[in-house]
Amino acid sequence: MALHYTKVSTSSATVEIRSLLLMLVVVFAVNTPIGMIKNERVDTLAKQLYVVEETYKLRKSLVSSYLSLSDSTIAKHYFTNPHLFTDTVAHLMQEQSLLSSITIVSTQPAKRFRYSQHIQFYNEFYHNLSNRDMTQSVFRPDLDLFTEIAPIFDADHLVGYLVIEVNLSKFSENMRDNMVMLSSDGYVYSSTKPGINAFESLPMQYSGLVEQIERIQRASGKIEVGDYTGVYRRSISVNNQTTYLIKLVADDELIPRYIYLVMVLSALTIGVSYFLYKTRRDKQELSKITYVDELSGLHNRHYLNKLLNSSLNPNQYYVGIFDIDHFKSVNDKFGHDIGDQVIKRVAGVIRSRIRFSDYAFRMGGEEFLVVIKTDSTDVAKRIFERIRRDIETIDSQPKVTVSAGVCPLSCNLAQAIKLADTRLYSAKNQGRNQVCTE
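What you see is a predicted model, and the numbers here were worked out from it, not measured in a lab.

Tell me what's going on with helix H4 (residues 82-94), and back it up with residues and numbers.
Along its 13 residues, H4 runs 19 Å from first to last C-alpha, staying within 8% of the 18 Å computed at 1.5 Å per residue. Buried within H4 are the following residues: Phe-85, Thr-88, Val-89, His-91 and Leu-92. Buried residues of H4 fall within an arc of 160° about the axis and therefore sit on the same side. Exposed and oriented more than 90 degrees from the buried face of H4 are His-83 and Gln-94.

See the structure below:
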């Protein structure tokens, strides 16, 4: 008997392969463990908590940055010259709604001051100078306030306190549905979960939440509470206590009703989201390398060229050019490493004095360009003068000063820079360490 080799046709092989793939998909779909699907859902909820926590951290960081005012010259001299501090606070308060107030009080405030009793205790606490870098927290849910209090020292003498009141409702307004923020003793700071009220102790039916989390001793994870699954993260400290962010979801909500559709859409969403995330991150990294001066951390000339090609509205900005006085002498006397440190310090002062709507550049060497968004000549003068004074009073060696030329952006940025540069040379010719506006 003769045997003949017969080649499988392309169409037949294609059908078989497609059938096999379809069978594998069906087998996978049917045999996918419910636990895997539930874990994917839990991961999604964990990401929600992460976003909320990061927002909290940003807001807490913002409050901490304002607390640094306690070390500033304007705070130390508040009781002899309150106007500088008052103007600065008025400017800060216009840009946000998170803070209710920023005030300075003496070590012996009036009895009607709501924190006067606390201040008396803090006076004893800060009598020990080793405690001078510590801040105090006061939680007042009845007033919808969370308050940070920092001491103000002039040399080693306690002269008063910086008091920052934070709106609790604003601090936690980004919480998603069915989220709870509570302390390690079960006190609820914020809640969007029906049946759990803020500023109260956790209801008895959820009393096992904190106990389970403490027993697990992990920064994040999930727990089972009756018919609910809780996804949690150990979050920022509030009122000097550890807090937890918890998302409570009914178990039947963790298993999607239309499982196959959800699986397909989830795969597409994850793939596209990851692609967009990677693309955006790569673009951000490239932008950072391209547009940020490595030494100072300010924008560089590349970003300035980009800004020159954009349209800044005339009569809404002021342009200032700063130059470190006698910087060559600093390099010659102390070396370039110290010179670099001076540039970083000057850049740090400039960065601390501008807002998100402003721009700051290192033009090269010891020269800096600052673009302030304001239509007020007085406001612009105050900002640039504060930068000059802050640099002059930096408590670090070697001490340096800066000269500056300032002009309004009345036509285009390039012309304004040229005019500001001309006024900079006028400031230098007139003795340096001054801001020339004419």
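Tell me what's going on with the sheet that holds strand S13 (residues 402-408), and back it up with residues and numbers.
Pairing in this open sheet of five strands is mixed, and the strands run S11-S12-S10-S13-S14 from one edge to the other. Each having just a single partner strand, strand S11 (359-364) and strand S14 (435-436) make up the two edges of the open sheet. Pairing of strand S10 (residues 317-324) with S13 involves seven bridges; the strand directions are antiparallel. Across the sheet, Gly-320 pairs through a bridge with Val-406, a residue of S13. Where helix H13 (residues 377-392) meets the sheet, it contacts S10, strand S12 (367-373), S13 and S14, and its direction lies at approximately 20° from that of S10.

For the confidence of the model for the protein chain, give the residues involved together with the corresponding values.
In the predicted model, the protein chain carries a mean pLDDT of 82, and 83% of its residues have values of at least 70. Taken together, the stretch residues 1-13 has pLDDT below 50 and engages in one contact with residues farther than four places along the chain or on a different chain.

Describe the packing of aromatic side chains, and please don't skip the residues or the numbers.
Considering all chains together, one arrives at 18 aromatic pairs under this definition. Each ring, one from Phe-322 and one from Phe-384, has its centre 5.8 Å from the other, and the planes form 40°; the classification is tilted. Of this pair, Phe-322 sits in strand S10 while Phe-384 sits in helix H13, and the two are 62 residues apart along the sequence. In this structure Phe-322 comes out as buried when scored by relative accessible area, which is 0%. The exposure class of Phe-384 is buried, given its relative accessible area of 0%. Grouping aromatic residues by their ring pairs yields a cluster made of Phe-121, Tyr-122, Phe-125, Tyr-126, Phe-153 and Tyr-161.

With reference to specific residues and values, describe the pairing of strand S5 (residues 179-183).
Judged by how many residues are buried, S5 sits mostly within the fold: five of five residues are covered. Burial of the side chains of S5 extends over both faces: Met-179, Met-181 and Ser-183 are buried on one face and Val-180 and Leu-182 on the other. Alignment of S5 against strand S9 (residues 241-250), held across five bridges, turns out to be antiparallel. Considered in S9, the bridge of Val-180 is made with Ile-246. Bridge analysis of S5 against strand S6 (residues 188-191) gives three bridges, and the strand direction is antiparallel. In the strand pairing of S6, Met-181 is matched with Ser-190. Here S5 folds back onto S6 in antiparallel fashion, the turn holding four residues, of which Gly-186 has a positive phi close to 90°.

Rules and cut-offs
- Residues numbered from 1 in each chain as written.
- Predicted model: local features only at pLDDT ≥ 70, side-chain atom pairs only at ≥ 80, totals over all residues.
- Heavy atoms only, no water.
- Helix = DSSP H or I, 4+ residues; strand = E, 2+ residues; numbered from the N terminus.
- Expected span 1.5 Å × (residues − 1).
- Buried < 20%, exposed > 50% of the residue type's maximum accessible area, 1.4 Å probe, protein only.
- Arc of directions from axis to C-beta.
- Pairing = 2+ DSSP bridges.
- Contact = heavy atoms within 4.5 Å.
- Axes fitted to C-alpha atoms, helices over the stretch in contact; angles between N-to-C directions.
- pLDDT = per-residue confidence, 0-100.
- Phe/Tyr/Trp six-rings, centres within 6.5 Å; stacked < 30°, edge-to-face > 60°.

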